[in-house]
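# Structural characterization, general
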Amino acid sequence: VNHVVQLQDNIREFEAAARAAGAPAEREQSYVDNVVDLDLDASSGTSYTGDTGDTVPEVVTNRMLKRIAIFAGSPVLVGMLLFPLFYYVKKVQGIDLPVWAVYIVQTTIFGGGLLGISYGIISTSFDERREGSFLGWNEFRANLPQVLSSFGGRK
């Protein structure tokens, strides 16, 4: 319990220093309210008291799905529309497109759809109260280091 109290004190000091430096208050609620009390006694295993934050709120999940549909669905739709276009160019117009060119274009377009899934997730604002921008570039820049550090086992 002592480590939680110390962490809460550190957070309060940091927030007070930020306010004193003139940093804008982005949150109505203090980060102290989100500190989870962990009992790390080896004999009892790890037990959690309080909200662990293991689940993604439904608002954020819906926001992610909407962004995935936009950023992954758009390239896939374009890729699907290119199939009849390539057919039209080859059969109706009589232009002989090399097969490798069609493959490269289609692979690039569908690869963009695959990247759109990842971008849609990472560029989502994880704050329930903040929607974020349409393109989500600021959210992407804020969330990417966290995602990359999780692959290295660091938190």
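Once a new chain begins, its residue numbering starts again from 1 and follows that chain's sequence as written. Side-chain atom pairs in this predicted model are given and counted only at pLDDT of 80 or more, local residue features only at pLDDT of at least 70, and totals for whole chains, interfaces and linings cover all residues. Calculation of side-chain values draws on the structure's entire complement of heavy atoms; hydrogens and water are dropped beforehand.

### Looking at the overall build of the protein
Basically, it comes down to this: By the criteria applied, helices consist of DSSP H or I runs no shorter than four residues and strands consist of E runs no shorter than two, each listed in order from the N terminus. A simple rule labels every residue: compare its accessible area, found with a 1.4 Å probe on the protein chains alone, to the largest value its type can have, and call it buried under 20%, exposed over 50%, or partly exposed in between. The contact rule is simple, with two residues in contact once any of their heavy atoms fall within 4.5 Å.
When helices and strands are counted, the protein shows four helices and two strands. The N-to-C order of helical and strand elements in the protein reads α-β-β-α-α-α. Taken over 155 residues, the protein has a buried fraction of 19%. By sequence separation, contacts in the protein at least 24 residues apart represent 56% of the contacts at least 6 residues apart.

### Some remarks on the side chain of Arg 67
This is how the line gets drawn: This count recognises Lys and Arg as positive and Asp and Glu as negative, with His and chain-terminal groups excluded. Each reported salt bridge corresponds to a side-chain nitrogen of Lys or Arg within 4 Å of a carboxyl oxygen of Asp or Glu.
Turning to its location among the elements, Arg 67 is positioned in helix H2 (residues 58–92). Buried charge Arg 67 goes without a salt bridge, the closest partner of opposite sign being Glu 139 at 5.6 Å. Apart from residues lying up to four places away in sequence, Arg 67 is in contact with Ala 72, Tyr 119, Gly 120, Ser 123, Thr 124, Ser 133, Phe 134, Leu 135 and Gly 136.

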